[in-house]
Amino acid sequence: MTLTHLNARGEAHMVDVADKQETRREARARGAVHMQASTLALLSEGGLPKGDVLATARIAGIQAAKRTHELIPLCHALALSKVTVEFTLDAEHDCVHVEAFCRLNGRTGVEMEALTAVSVACLTLYDMCKAVDKGMTIDGVRLEEKRGGRSGEWLRETAPESTQRPENEAPEEAIEPSSMGLIDPSGAVSTASDLKVQFLAELRERFEMPEILLSWDQLPSHDIAGVKLALINQDPKFKALQNQRVLCARNDAMCQDGAAIVRGDRIAFFPPVTGG
Amino acid sequence: MRIAINVHDARFDAEVEQQRLTAGRSDVGAVVSFTGRVRDFNERPDVTALTLEHFPGMTEKALHEIAREAGERWALQGVTIIHRIGRLEPGDAIVLVMTASAHRRAAFEACDFIMDYLKTRAPFWKKEHTDHGSYWVSERQSDREAADRWEHS
């Protein structure tokens, strides 16, 4: 294996791609911003001083992907056909997962664009939240998969580790939602495909159950609205959840129907609160 | 800012809490304290007791978040929030909110703010018991309006 950005004399050069065949190129990259739980809560409520953090970070990531060639010296300018930047708030690990996807039909790969989108989206998240939390860290920026071109398909899961980790350090994959397990009160470990949904106060009495486990595959969409629909598909009595007054919390923070969920989340539905 | 959050079924003593909040500090110029108590009349006229339920884990986080937000809005030196759970009888204290600041205005307003947010954002639910049965207490529009006014201030 050689480094294509170095010529025979070991000098940096831009690879001539004129004769390469155009193929569909795709790349997916991820990263995370770890922060204090209170910062994450503020972010999910939209309570940060600079305004809508995720919308701004998303635009920043998309813009950055388009300008990758201006930042990375030997990168070609590409006419991307698709760029998406998605965020998942992870209250269990106090972080925001950032995922970028880039696609084009062309002669060079788009992994640098996806990685740049993730990096700049993470930096923008930092900028938007730093007024309340300067200790945030940007972690695990990495390529997850890439398709098309001479090297074909590459997936992180099947690729060899690029660095050796110390033995006492948990592998990064441990924080991935897909490998999270929920421990339920009975002591049995439920699988990652389950979603625990709790009902509190009057709703617990009305449904005659404190909680229910949903399989991830039952969800029509990966958000709170999808959880409600999956429950209603099981039993029409859960239509009561569509009442405007019913509140919802995801991993202990209040959220709305549109809030995205990940495997292993703790979801709770409850009536309007009446403490004090 | 010193934040103390407690959710438990035991009684509390406001005087003890005030000493705890101000211990070792001579820069606190004002302490404002609010105590909420169980009434013997509410949605029905003959309330004999109530049971307070909460959502362990989320409750503490929600209260901490409310205290932290108060600390961002006003120059506070300390906040104590105690909320009781379980069965309570008329005359029992349910909730204590105590704020400490250099000057009274911040302490007054922050205490007011914390109660308004607690009533609309912290996951507590009251079930009132009467001689003729029990019922879950409904939310009050006035509580929501009280909390809403801070959104625009």
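Residues numbered from 1 in each chain as written. Chains lettered and ligands numbered in written order. Predicted model: local features only at pLDDT ≥ 70, side-chain atom pairs only at ≥ 80, totals over all residues. Heavy atoms only, no water.

An unreviewed UniProt entry annotates chain A as Cyclic pyranopterin monophosphate synthase originating from Salinicola socius. Per its UniProt entry, chain A bears the Catalytic activity (unreviewed entry) comment "(8S)-3',8-cyclo-7,8-dihydroguanosine 5'-triphosphate = cyclic pyranopterin phosphate + diphosphate". (UniProt positions renumbered as here; feature names shortened; annotations may be inferred.)

(A) Spatial organisation of the overall build of chain B. Helix and strand content of chain B: four helices and eight strands. Going residue by residue from the N terminus, the α and β elements of chain B occur as β-α-β-β-α-β-β-β-α-β-β-α. Relative to its full complement of 153 residues, chain B shows a buried share of 50%. Once local pairs closer than 6 in sequence are excluded, the contacts in chain B between residues at least 24 apart make up 80%. On chain B, roughly 7400 Å² of surface is accessible, and the fraction owed to carbon and sulfur atoms is 46%. (Helix = DSSP H or I, 4+ residues; strand = E, 2+ residues; numbered from the N terminus. Buried < 20%, exposed > 50% of the residue type's maximum accessible area, 1.4 Å probe, protein only. Contact = heavy atoms within 4.5 Å. Areas by Shrake-Rupley, 256 points an atom, 1.4 Å probe, with all protein chains shown as cover.)

(B) Focus on the pairing of strand E4 (residues 76-84) of chain B. All names here are of chain B. Judged by how many residues are buried, E4 sits mostly within the fold: nine of nine residues are covered. Direction of pairing for strand E1 (residues 2-8) relative to E4: parallel, over a ladder of seven bridges. By the bridge assignment, Ile5 is partnered in E4 with Ile81. Bridge analysis of E4 against strand E6 (residues 93-101) gives seven bridges, and the strand direction is antiparallel. Its bridge partner lying in E6, His83 is registered against Val95. (Pairing = 2+ DSSP bridges.)

(C) Quick look at the nonpolar core. Among the nonpolar cores identified, the biggest contains 34 residues, and Leu43, Phe87, Val96, Val98 and Leu125 of chain A are the most heavily contacted of them. Those elements that place two or more of their residues in this core are strand E1 (23-34), helix H1 (37-45), helix H2 (53-66), strand E2 (82-90), strand E3 (95-106) and helix H4 (111-129) of chain A. In terms of residue count, the dominant contributor to this core is H4 of chain A (nine residues). Not counting residues within four places of it along the chain, the set of residues in contact with Leu43 of chain A comprises Met35, Leu48, Val53, Leu54, Leu89, Val96, Leu125 and Cys129 of chain A. Counting residues in hydrophobic clusters, the runner-up holds 33 residues, among them Ile5, Val38, Val79 and Met115 of chain B. (Core = buried A, V, L, I, M, F, W, Y, C linked by side-chain atoms within 4.5 Å.)

(D) Representation of the sheet that holds strand E9 (residues 211-215) of chain A in the model. Residue and element names in this part refer to chain A. An order of E9-E8-E12-E10-E11 is seen for the five strands of this open sheet, with the pairing classed as mixed. Each having just a single partner strand, E9 and strand E11 (253-255) make up the two edges of the open sheet. Neighbour-to-neighbour, the strand axes of this sheet turn through a mean angle of 30°, independent of strand direction. Relative to strand E12 (residues 266-270), strand E8 (residues 194-199) runs parallel, the two sharing four bridges. Within E12, the residue paired with Phe199 across the bridge is Phe269. (Axes fitted to C-alpha atoms, helices over the stretch in contact; angles between N-to-C directions.)

(E) Fine view of the side chain of Glu69 of chain B. Mapped onto the elements of the fold, Glu69 of chain B is located in helix H2 (residues 58-73). In this view, Glu69 of chain B contacts Phe113, Tyr117 and Arg121 of chain B; residues no more than four positions away in its chain are not counted.

(F) The side chain of Asp265 of chain A, seen in detail. Residues and elements named next belong to chain A. Of note, Asp265 is situated in the loop between E11 and E12. Within the structure, Asp265 has its side chain in polar contact with the side chain of Asn251 (distance 2.9 Å). Within polar-contact distance, the side chain of Asp265 engages the backbone nitrogen of Val262 at 2.9 Å. (Polar contact = N/O pair within 3.5 Å; in protein donor to acceptor, adjacent residues only side chain to side chain.)

(G) Local environment of the UniProt feature "binding site: substrate" (unreviewed entry) in chain A. All names here are of chain A. The UniProt record marks Leu74, Cys75, His76, Met112 and Glu113 with the feature "binding site: substrate" (unreviewed entry), using the residue numbering of this structure. Spatially, the listed residues are clustered: although they cover 40 residues, their C-alpha atoms lie within 12.6 Å of one another. With respect to the helices and strands, Cys75 occurs in the loop between helix H3 (68-71) and E2. Take Cys75: its relative accessible area is 14%, and that puts it in the buried class. Each residue touching Cys75, except ones within four places of it in the same chain, is listed here: Met14, Thr68, His69, Met112 and Glu113. Take Glu113: it is sitting in helix H4. Sequence-distant contacts of Glu113, defined by excluding residues within four places in its chain, comprise Ala65, Thr68, Cys75, His76, Leu78, Leu80 and Cys102.

(H) Representation of the confidence of the model for chain B within the structure. Here chain B averages 94 in pLDDT, and 100% of its residues register 70 or above. The complex prediction reports pTM at 0.57, with the ipTM value standing at 0.93. (pLDDT = per-residue confidence, 0-100.)

(I) Quick look at the interface of chain B and chain A. Of the residues lining the interface, 28 residues belong to chain B; the matching set on chain A comes to 26 residues. Regarding the contact of chain B and chain A, the summed buried area is about 2200 Å², with carbon and sulfur atoms giving 55% of it. Joining chain B to chain A, the criterion identifies four salt bridges. Across the pair Arg245 of chain A and Glu139 of chain B runs a salt bridge, and its minimum N-O distance is 2.2 Å. Our count for the contact surface shared by chain B and chain A stands at 14 residue pairs in polar contact (both at pLDDT 80 or more). Going through the elements one at a time, H2, E6, helix H3 (104-121) and strand E7 (124-130) of chain B are the ones with two or more residues in the side of chain B that touches chain A. (Buried area = accessible area lost by both parts, 1.4 Å probe. Salt bridge = Lys/Arg side-chain N within 4 Å of Asp/Glu carboxyl O.)

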